[in-house]
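# Understanding the architecture of this molecule
This is what each chain is made of:
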Amino acid sequence: MTSPLKAMRDLLREDPRYKLEAYQFIRESLQYAHENLDQIGPLGYCEGDEPDVDAPRHLTGQQLCEACRLYAIDQYGYLAKMVLGRWGLQTTSDFGELVYNLIRIEQMRKSENDRREDFDDVYSFDQAFQPQFELVTDDAE
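Residues numbered from 1 in each chain as written. Predicted model: local features only at pLDDT ≥ 70, side-chain atom pairs only at ≥ 80, totals over all residues. Heavy atoms only, no water.

### Description of unusual backbone geometry
In this model, Glu106 sits at a positive phi of 60 degrees, which is unusual for a non-glycine residue. Along the polypeptide, Glu106 turns up in the loop between helix H6 (92-104) and helix H7 (125-128). (Helix = DSSP H or I, 4+ residues; strand = E, 2+ residues; numbered from the N terminus.)

### Some thoughts on the confidence of the model for the protein chain
Interpreting fine coordinate detail is not advised for predicted regions of low pLDDT. For the protein chain, mean pLDDT is 87; residues scoring 70 or higher make up 86% of the total. Considering only residues more than four positions removed or in separate chains, one finds that residues 45-55, a stretch of pLDDT under 50, has 14 contacts. (pLDDT = per-residue confidence, 0-100. Contact = heavy atoms within 4.5 Å.)

### Describing the packing of helix H2 (residues 20-35) against H6
At a closest axis distance of 10 Å, the pairing of H2 and H6 adopts a crossing angle of 85 degrees. Between H2 and H6, the crossing angle belongs to the class labelled roughly perpendicular. Across the interface between the two elements, Ala22, Tyr23, Phe25 and Ile26 from H2 touch Phe95, Leu98, Val99, Asn101 and Leu102 from H6. Partitioned by chemical class, the residues of the contact of H2 with H6 number eight nonpolar, one polar and no charged. (Axes fitted to C-alpha atoms, helices over the stretch in contact; angles between N-to-C directions. Parallel < 35°, antiparallel > 145°, perpendicular 65-115°, else oblique. Nonpolar A, V, L, I, M, F, W, Y, C, P; charged D, E, K, R; others polar.)

### Considerations on H2
Here H2 is 16 residues long and its end C-alpha atoms lie 23 Å apart, about the 22 Å a rise of 1.5 Å per residue gives. Where the residues of H2 are buried, they touch helix H1 (4-14), helix H3 (37-40), helix H4 (61-76), helix H5 (80-86) and H6. (Expected span 1.5 Å × (residues − 1).)

### A few points about the state of the cysteines
Counted by the stated rule, this structure contains zero disulfides. Left unpaired, Cys68 is separated from the closest cysteine sulfur, that of Cys65, by 6.1 Å. Judged by its relative accessible area of 0%, Cys68 is buried. (Disulfide = S-S within 2.5 Å. Buried < 20%, exposed > 50% of the residue type's maximum accessible area, 1.4 Å probe, protein only.)

### Looking at the packing of H2 against H4
The packing of two helices is summarised by the inter-axis angle and the distance between the axes. Taken N-terminus to C-terminus, the directions of H2 and H4 make an angle of 100 degrees; their axes are 8 Å apart at the nearest point. When the axes of H2 and H4 are compared, the pair comes out roughly perpendicular. Of the residues in H4, those in contact with Phe25, Ile26, Glu28, Ser29, Leu30, Tyr32 and Ala33 of H2 are Leu64, Ala67, Cys68, Leu70, Tyr71, Ala72, Asp74 and Tyr76. For the contact of H2 with H4, the residue count by class is twelve nonpolar, one polar and two charged.

### Examining the packing of aromatic side chains
Two measures describe an aromatic ring pair: the distance that separates the ring centres and the angle between the ring planes. Tallied over the full model, the rule gives ten aromatic pairs. Plain terms: the ring middles of Tyr32 and Tyr71 are 5.3 Å apart, the flat faces sit at 50 degrees to each other, and that makes the pair tilted. One end of the pair, Tyr32, is in helix H2; the other, Tyr71, is in helix H4, with 39 residues separating them in the sequence. By relative accessible area, which is 12% here, Tyr32 ends up buried. Seen in terms of ring centroids, Phe125 and Phe129 are 5.0 Å apart; in terms of plane orientation they differ by 80 degrees. Their pairing is edge-to-face. Of the residues examined, Phe125 reaches a relative accessible area of 4% and is grouped as buried. Through a chain of ring-to-ring contacts, the aromatic side chains of Phe25, Tyr32, Tyr71, Tyr76, Trp87, Phe95, Tyr123, Phe125 and Phe129 assemble into a single cluster. (Phe/Tyr/Trp six-rings, centres within 6.5 Å; stacked < 30°, edge-to-face > 60°.)

This is the structure we're talking about:
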């Protein structure tokens, strides 16, 4: 049996499109999603999980993309798009590639309903990471 560390080293060699930091980011985004469900939306159960059992809850591809967006903004602010780009991430499809690479080396799991295409075109990086400014007025004047 291959160790997780060796599996990751082999993966980085086989698929050099993404940096190790991108894989770490996906894992951290998954954790972020579970800690911030109010911003992500309700999670479902994996196939075979009983609703009354304390089984791990399952994110959809779209929900993980949203968690990645929120986590990147939280961690990197206005530089989020640039940081992700340095790791090889340009679109939400790249998130799917990372996830399915991790599934392939048995470092993540998927449900029967999950598809790689669930990550395609969830949002545009150009718009998703644009700074949001709020105009605040002083009502005292």
